[in-house]
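So you can see what is in the structure, the chains are spelled out below.
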Amino acid sequence: MNEVGAPGRCIAMWSGPRNISTAMMRAWENRADTIVIDEPFYAHYLEETGIQHPMAREIIAAGETDWHRVVRQITTSPSTGVFYQKHITTHWMPYFDTDWLDKLDHVFLIRDPNAVAASYSNKWQDLSARDLGYAQQHMLFELIKDMLEKEPLVIDSARFLQDPASQLRSLCNTLDLNFDKSMLSWPAGKRSSDGLWEAHWYDSVRESTGFVNASHKPAPVLTIDLQGIAGKCMPHYEALLRCAI
């Protein structure tokens, strides 16, 4: 296992939106040996696409819009400890080169598209399948699998929330890191590491103090349009689900 003084590690967690990705970032940030970064490609994505997400101007102005600089930042390992990166696959652009991906440890975080479509539509009305990031996530998974000649780790949020401790132990073991019980709970509130967008998107996680299993909630009822969007994403989700721990 990774010991104090060992060379630093960069861990890229690739998730779609409206998942437990921010809660997962909280869990890792609660480790004494870990620093985190929140959606480092977001400002570039907003500037390049022109999509008018909430606070887009402020995010572009405050963020790094040169994706080459972002790559240099996220591939620079700390001298010790862990550099944990929350990535949203929607932000992946087709012109990004990929020769830097082998410098990171990769994990993929997935969630049922029906739940994602229902949640996202409450925050953003003009929704498309691309906004959910499943095709991009599946593409990255296959690319990294071929590059590393092994399957990257996949975590399904529903399975994870049934037993976070066991799943985090498996995740840390696969990454050759010590499991830290502090990952299971954290203080409520915002963080200085949160992106500016937390004001719009992080209302639930802002009040959280740990992972919450919401499996008792009824399945979301989707409009015909949302059913179509989720249906386009489902084959990508199912392909990754077959690899999930």
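Above: the structure in question.
Thresholds, definitions, all that
Residues numbered from 1 in each chain as written. Predicted model: local features only at pLDDT ≥ 70, side-chain atom pairs only at ≥ 80, totals over all residues. Heavy atoms only, no water. Helix = DSSP H or I, 4+ residues; strand = E, 2+ residues; numbered from the N terminus. Contact = heavy atoms within 4.5 Å. Areas by Shrake-Rupley, 256 points an atom, 1.4 Å probe, with all protein chains shown as cover. Lys, Arg positive; Asp, Glu negative; His and termini not counted. Charge placed at Lys NZ, Arg CZ, Asp CG, Glu CD. Salt bridge = Lys/Arg side-chain N within 4 Å of Asp/Glu carboxyl O. Core = buried A, V, L, I, M, F, W, Y, C linked by side-chain atoms within 4.5 Å. Buried < 20%, exposed > 50% of the residue type's maximum accessible area, 1.4 Å probe, protein only. Phe/Tyr/Trp six-rings, centres within 6.5 Å; stacked < 30°, edge-to-face > 60°. Axes fitted to C-alpha atoms, helices over the stretch in contact; angles between N-to-C directions. Left-handed = near helix turned anticlockwise from the far one by under 90°. Nonpolar A, V, L, I, M, F, W, Y, C, P; charged D, E, K, R; others polar. Pairing = 2+ DSSP bridges.

## Quick notes on the overall build of the protein chain
Phase 1: Of regular secondary structure, the protein chain possesses 12 helices and 5 strands.
Phase 2: When the backbone C-alpha atoms are referred to their principal axes, the protein chain occupies close to 55 × 40 × 40 Å.
Phase 3: Long-range pairs, those at least 24 residues apart, make up 80% of the contacts in the protein chain with a sequence separation of at least 6.
Phase 4: With an accessible surface of roughly 11,600 Å², the protein chain has 50% of that area assigned to carbon and sulfur atoms.
Phase 5: Mean positive and mean negative side-chain charge positions of the protein chain (23 and 31 charges, respectively) differ by 4 Å.

## Things to note about the pattern of salt bridges
Phase 1: Using the criterion set out here, one finds 10 salt bridges in the structure.
Phase 2: The residue D203 makes a salt bridge to K123 at a minimum N-O spacing of 3.4 Å. Here D203 is found in helix α11 (residues 203–206), whereas its partner K123 is found in the loop between α5 (113–121) and α6 (129–132), with 80 residues between them in sequence.
Phase 3: Connected through salt bridges with shared partners, the residues D38, E39 and K86 form a single ionic network.

## Let's talk about the nonpolar core
Phase 1: M24, W28, W100 and F211 are the most contacted members of the largest nonpolar core, which totals 76 residues.
Phase 2: If sequence neighbours within four positions are ignored, W28 has contacts with I11, T34, V36, V82, Y84, L171, C172, L175, L177 and M183.

## Quick notes on the packing of aromatic side chains
Phase 1: Counted by the stated rule, this structure contains 15 aromatic pairs.
Phase 2: On the basis of an interplanar angle of 35° and a centroid distance of 5.9 Å, the ring pair of W92 and W100 is categorised as tilted.
Phase 3: Aromatic side chains F108 and F141 sit 5.5 Å apart centroid to centroid with 80° between the ring planes, which places their arrangement in the edge-to-face category. In this pair, F108 sits in strand β4 (residues 105–110) while F141 sits in helix α7 (residues 134–148), placing the two residues 33 residues apart along the sequence. For the residue pair F108 and F141, the accessibility class agrees, reading buried in each case.
Phase 4: Put simply, the rings of W14, F41, W67, W92, Y95, F96 and W100 pair up and form one aromatic cluster.

## Here we look at the packing of α7 against helix α12 (residues 224–241)
Any two packed helices are characterised by the angle at which their axes cross and by the distance between the axes.
Phase 1: Interhelical geometry of α7 versus α12 gives an angle of 35° and a closest axis separation of 8 Å. Of the two possible hands of crossing, α7 and α12 adopt the one that is left-handed. In this structure, α7 uses Y134, A135, Q137, H138 and F141 to contact α12, whose residues at the interface are C233, H236, Y237, A239 and L240.
Phase 2: Here the residues of the contact of α7 with α12 sort into 7 nonpolar, 3 polar and no charged.

## Here's the deal with the side chain of E198
Phase 1: Tracing the sequence through the fold places E198 in helix α10 (residues 198–201).
Phase 2: Taking relative accessible area as the criterion, E198 reaches 6% and is therefore assigned buried.
Phase 3: Discounting residues that sit within four places of it in the chain, E198 has contacts with K190, D203 and R206.

## Points about the sheet that holds β4
Phase 1: Across the sheet, which stays open at both edges, the 5 strands sit in the order β2-β3-β1-β4-β5 with parallel pairing between neighbours. Each end of this open sheet is capped by a strand with a single partner; those strands are β2 (34–38) and β5 (153–156). If you compare each strand with its neighbour and ignore which way they point, the axes differ by 20° on average.
Phase 2: Bridge count between strand β1 (residues 9–15) and β4: 5 bridges; the pairing is parallel. The partner of S15 across the bridge, within β4, is L109.
Phase 3: Relative to strand β3 (residues 82–88), helix α4 (residues 67–74) is tilted by about 145°, and along the sheet it contacts β1, β2 and β3.

## Considering unusual backbone geometry
Phase 1: With a phi close to 50°, E39 is a non-glycine residue in the positive phi region.
Phase 2: Turning to its location among the elements, E39 is positioned in the loop between β2 and α2 (42–49).
Phase 3: One non-glycine residue, E149, adopts positive backbone phi at about 60°.
Phase 4: Residue placement: E149 occurs in the loop between α7 and β5.
Phase 5: For E149, a relative accessible area of 74% gives the class exposed.

Limitation: the analysis is restricted to geometry and does not speak to function.
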